[in-house]
Amino acid sequence: MGRFQPYHYGHESVINHIAEEVDEIVIGIGSAQLSHSPENPFTAGERVLMVTHAMEESVSLPFYVIPIEDIQRNALWVSHARSISPPFNEVYSSNPLVVRLFCEAGTEVISPPEMYKRDNYSGTEIRRRMLAGEDWRSLVPSVVADVIDEIDGVRRLHDVSGSD
Ligand code: NAD
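Here we summarise the structure given alongside this text.

Topic: the packing of aromatic side chains
Move 1: Tallying each qualifying case throughout the model produces four aromatic pairs.
Move 2: When the centroid spacing of 6.1 Å and the interplanar angle of 75 degrees are considered together, the rings of tyrosine 9 and tyrosine 121 count as edge-to-face. Taken together, the positions of tyrosine 9 in helix α1 (residues 9–19) and tyrosine 121 in the loop between β4 (108–110) and α5 (123–132) put the pair 112 residues apart, joining distant regions of the chain.
Move 3: The class of tyrosine 121 is buried, set by a relative accessible area of 11%.
Move 4: An angle of 70 degrees between the planes, with centres 5.5 Å apart, marks the rings of tryptophan 77 and phenylalanine 102 as edge-to-face. Pair noted here: tryptophan 77 is in helix α3 (residues 74–84) and phenylalanine 102 is in helix α4 (residues 96–104), with a separation of 25 residues, a long-range link. No difference in accessibility class separates tryptophan 77 from phenylalanine 102, as the two residues are buried.
Move 5: A connected cluster of aromatic rings, assembled from ring pairs, spans Trp77, Phe88 and Phe102.
Move 6: Cation over ring: arginine 82 sits above phenylalanine 88, and NZ or CZ is 4.1 Å from the ring centre.

Here's the deal with the pattern of salt bridges
Move 1: Counting across every chain of the model gives seven salt bridges.
Move 2: Here glutamate 125 and arginine 128 are joined by a salt bridge, their closest N and O atoms 3.1 Å apart. Of the two residues, glutamate 125 and arginine 128 both sit in helix α5, three residues apart, roughly one turn of that helix.
Move 3: By relative accessible area, which is 38% here, arginine 128 ends up partly exposed.
Move 4: A salt bridge links arginine 155 to aspartate 152; the nearest nitrogen and oxygen atoms lie 3.5 Å apart.
Move 5: The exposure class assigned to arginine 155 is exposed, which follows from its relative accessible area of 55%.
Move 6: Salt bridges sharing partners connect three or more residues here, namely Glu125, Arg128, Arg129 and Glu134.

The rules behind the values
Residues numbered from 1 in each chain as written. Predicted model: local features only at pLDDT ≥ 70, side-chain atom pairs only at ≥ 80, totals over all residues. Heavy atoms only, no water. Phe/Tyr/Trp six-rings, centres within 6.5 Å; stacked < 30°, edge-to-face > 60°. Helix = DSSP H or I, 4+ residues; strand = E, 2+ residues; numbered from the N terminus. Buried < 20%, exposed > 50% of the residue type's maximum accessible area, 1.4 Å probe, protein only. Lys NZ or Arg CZ within 6 Å of the ring centre and 35° of its normal. Salt bridge = Lys/Arg side-chain N within 4 Å of Asp/Glu carboxyl O.

Structural data, given as structure tokens:
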């Protein structure tokens, strides 16, 4: 599970680690209904493209990328996610709420041991750099930068972060 706003090398390092342990991977694109805001600039479809193109380069296993909208009731979210996704046996996440909800639902949850250079490899830092005009491209696979360029994503982030 992830929001992937945008997909970056931290996500890739986790996915490469997961790929050594499983037969197939389902990527859940969370908060699929959100886009065009400072914290969530990219649509679910754009994030599907980012994740798919990046995983085509880095992972040789079958994988599925599934957008999942948020719902108002955390207690029902695991059932909601399962109803949309292909079947899965284990969940990989370090997000405390995601871990909590799947554990309570009886699903095995694995939290990868350490975050990969979290100071830089985070969506928050990448969006900050985009707004500040600083280097962000070195933090994402080049195919992800290509998607962001094609949709004029940095300008969109500026526009939705501005005040009137
Ligand atoms: P994210 O994109 O921030 O992170 C995805 C995963 O990658 C996380 O496990 C995170 O710990 C890991 N990661 C990120 N940077 C890393 C790094 N540098 N090194 C190693 N690992 C790294 O997304 P998220 O916040 O985990 O997404 C959870 C999604 O689930 C959200 O969209 C949230 O809204 C959704 N959710 C919804 C409900 C609901 O609708 N009620 C409830 C729970 C969760």
